[in-house]
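# Overview (structure and organization)
Each chain is listed here by its residues.
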Amino acid sequence: MNFRKHRADEPEINLIPFIDILLVILIFLMLTTTYSRFTELQLTLPTADAERLQERPGEIVVTVGADGRYLVDRQPVAGAAVEALTAALATAAQSKRDPVVIVSADATAAHQSVINVLDAARRAGLARLTFAAQTDSGGR
């Protein structure tokens, strides 16, 4: 006589084929994924949602035109060289106490033109610098 109860075999999940399938799916997803390229961003510059700046007596406004011409405090700079711009900034800073350079560049101005202003300000010893931008409504 056999008094043992017969137990039905409990089902078990075989994990090895499951892991194999997941690895195949992972490799497939890795090979078919496309990555966005950050160099293809479309930018529209410059606009800002800020209040209008109050004029201070120590401001030196450098205007950069779309064609690469410079104006320092509404006076044209002879030539587009960094040395000429440095001399104009140094002259404008002599009469001002603790001057702040405000770069007001056209939205279509070349990036190199703005970098030239930054380099000229550094050469002239002007450490305080900010950028002017228009609001979305079109006013300054």
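Above this text is the structure in question.
Presented here is a report on the structure given in the accompanying data block. (Residues numbered from 1 in each chain as written. Predicted model: local features only at pLDDT ≥ 70, side-chain atom pairs only at ≥ 80, totals over all residues. Heavy atoms only, no water.)

### Things to note about the overall build of the protein
- Counting its regular elements, the protein contains three helices and five strands.
- What you see in the protein, going N to C, is helices and strands ordered as α-β-β-β-α-β-α-β.
- Here the protein holds 140 residues, and the buried ones make up 24% of them.
- In the protein, 72% of the contacts between residues at least 6 apart in sequence involve partners at least 24 apart.
- Element-wise, carbon and sulfur atoms account for 57% of the exposed surface of the protein, whose accessible area totals about 11700 Å². (Helix = DSSP H or I, 4+ residues; strand = E, 2+ residues; numbered from the N terminus. Buried < 20%, exposed > 50% of the residue type's maximum accessible area, 1.4 Å probe, protein only. Contact = heavy atoms within 4.5 Å. Areas by Shrake-Rupley, 256 points an atom, 1.4 Å probe, with all protein chains shown as cover.)

### Structural notes on the sheet that holds strand β4 (residues 100-105)
- One open sheet accounts for five strands, arranged β3-β2-β1-β4-β5; its pairing is mixed. Each edge of the open sheet is held by one strand with a lone partner, namely β3 (75-76) and β5 (129-131).
- Running at roughly 15° to strand β2 (residues 70-72), helix α2 (residues 82-94) makes contact with β1 (59-64) and β2 of the sheet.
- Against the sheet, helix α3 (residues 111-123) contacts β1, β2, β4 and β5, and its axis sits at roughly 160° relative to β5. (Pairing = 2+ DSSP bridges. Axes fitted to C-alpha atoms, helices over the stretch in contact; angles between N-to-C directions.)

### Side note on a nonpolar patch on the surface
- There is a patch of nonpolar side chains on the surface, built from I13, L15, F18, I19, I21, L22, L23, I25, L26, F28, L29 and M30 and spanning about 1200 Å² of accessible area.
- On the secondary structure map, L22 appears in helix α1 (residues 15-32). (Patch = residues over 30% accessible without salt bridge, like charges linked within 9 Å, V, L, I, M, F, W, Y side chains within 5 Å. Salt bridge = Lys/Arg side-chain N within 4 Å of Asp/Glu carboxyl O.)

### Describing the side chain of S113
- Following the sequence through the fold, S113 ends up in helix α3.
- The class of S113 is buried, set by a relative accessible area of 9%.
- The contacts of S113, once residues within four sequence positions are left out, are V64, G68 and Y70.

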